Amino acid sequence: MPFKFNKLAIKDVIQIEPVKFKDDRGFFEEVFKLTDFKNFGININIKQINFSHSTKGVLRGLHYQLAPFAQAKLIRVVSGAIFDVAVDLRKGSPTFAKWVGVILNSNKESMLYIPEGFAHGFEVLSDTVDFEYFCSNIYSPENERGIMYNDKTLNITWSCKNPIISAKDLKHLPFAEAEYNFEYIQTNKDIFK
């Protein structure tokens, strides 16, 4: 299998490492393979691919879309590094209102899978970063919502003390006032693992 799948502290958020095949000409790696992802339990139907460029100190998030327009995301850094964060917004989840974060960089080339029902944000650690994210649903501005990046309830450990935030992101609500409509559905897979 050309991928290593690693469950994080929130087990539905998966860090994925592609296997790199190298020789004296360079290297080759698969970024996405539907069968391998499905065999691990990741069912993402990609409908939109986004590319983002930002500079050091930029912090974006925490973003999500309401169901049924929610987006699962597969995030991959092409150059540079980010601290990437997912916040569980699924009511009834054992990790509701918890967050998990990982550093994604172009040297390690790992990716992060974030399922529907999570808010997503990141901060740029390198001078610049280019990354792409594959989404399971198209962008729906009327269903877009956000939570303050520095919400005291969530208490996310960002490294940047004075981040560069967009005017739009500065208007996000605190977690206690945020609108979200995600429900956690326990499966047999959850019980037996």
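Residues numbered from 1 in each chain as written. Predicted model: local features only at pLDDT ≥ 70, side-chain atom pairs only at ≥ 80, totals over all residues. Heavy atoms only, no water.

**Q** Run through the packing of aromatic side chains, naming residues and quoting values.
**A** Inspection of the entire model under this criterion finds 13 aromatic pairs. With a centroid separation of 6.0 Å and an interplanar angle of 90°, the aromatic rings of F83 and W158 are classed as edge-to-face. Residue F83 is found in strand β8 (residues 81–88), and its partner W158 is found in the loop between β14 (144–146) and α2 (167–170); the two are separated by 75 residues along the sequence. The class for F83 is buried, based on a relative accessible area of 13%. What makes W158 buried here is its relative accessible area of 9%. Aromatic pair F96 and F175: ring centres 5.8 Å apart, planes at 50°, arrangement tilted. One end of the pair, F96, is in the loop between β9 (90–91) and β10 (99–105); the other, F175, is in the loop between α2 and β15 (182–183), with 79 residues separating them in the sequence. Note on F96: relative accessible area 28%, which makes it partly exposed. Here the basic side chain of K20 rests over the ring of F27, its NZ or CZ set 4.1 Å away from the ring centre. (Phe/Tyr/Trp six-rings, centres within 6.5 Å; stacked < 30°, edge-to-face > 60°. Helix = DSSP H or I, 4+ residues; strand = E, 2+ residues; numbered from the N terminus. Buried < 20%, exposed > 50% of the residue type's maximum accessible area, 1.4 Å probe, protein only. Lys NZ or Arg CZ within 6 Å of the ring centre and 35° of its normal.)

**Q** Could you give an account of the environment of D23, with specific residues and numbers?
**A** Note on placement: D23 falls in strand β3 (residues 21–23). Among the polar contacts made by the side chain of D23, one reaches the side chain of R25 at a distance of 2.4 Å. (Polar contact = N/O pair within 3.5 Å; in protein donor to acceptor, adjacent residues only side chain to side chain.)

**Q** Could you give an account of the sheet that holds β8, naming the residues involved and the relevant values?
**A** Pairing within the open sheet is antiparallel, and its five strands lie in the order β10-β8-β12-β6-β14. Either end of the sheet is taken by a strand with one partner, and the two such strands are β10 and β14. On average, each strand axis in the sheet is inclined to that of its neighbour by 25°, with strand direction left out of account. Pairing of strand β6 (residues 59–65) with β14 involves three bridges; the strand directions are antiparallel. The residue bridging Y64 from the neighbouring strand is R145, located in β14. (Pairing = 2+ DSSP bridges. Axes fitted to C-alpha atoms, helices over the stretch in contact; angles between N-to-C directions.)

**Q** Describe in detail the environment of A176, supporting the description with residues and values.
**A** Mapping A176 onto the fold places it in the loop between α2 and β15. Taking the C-alpha atoms as reference, A176 lies 21 Å from E142; in sequence the two are 34 residues apart.

**Q** Summarise the pattern of salt bridges; cite the residues concerned and give the values.
**A** Side-chain pairing between opposite charges can occur once the charged atoms of the two side chains come close. Enumeration according to the criterion identifies 10 salt bridges in this entry. The closest approach of N and O atoms between D12 and K11, which form a salt bridge, is 3.7 Å. A salt bridge links E30 to K33, with the nearest nitrogen and oxygen atoms 3.9 Å apart. The exposure class assigned to E30 is partly exposed, which follows from its relative accessible area of 22%. (Salt bridge = Lys/Arg side-chain N within 4 Å of Asp/Glu carboxyl O.)

**Q** Account for the side chain of S140, with residues named and values stated.
**A** Mapping S140 onto the fold places it in the loop between β13 (128–135) and β14. Exposure remark for S140: the relative accessible area of 5% places this residue in the buried category. When residues no more than four places from it in sequence are discounted, the contact partners of S140 are Q65 and F69. (Contact = heavy atoms within 4.5 Å.)

These results come straight from atomic positions and should not be treated as a statement about function.
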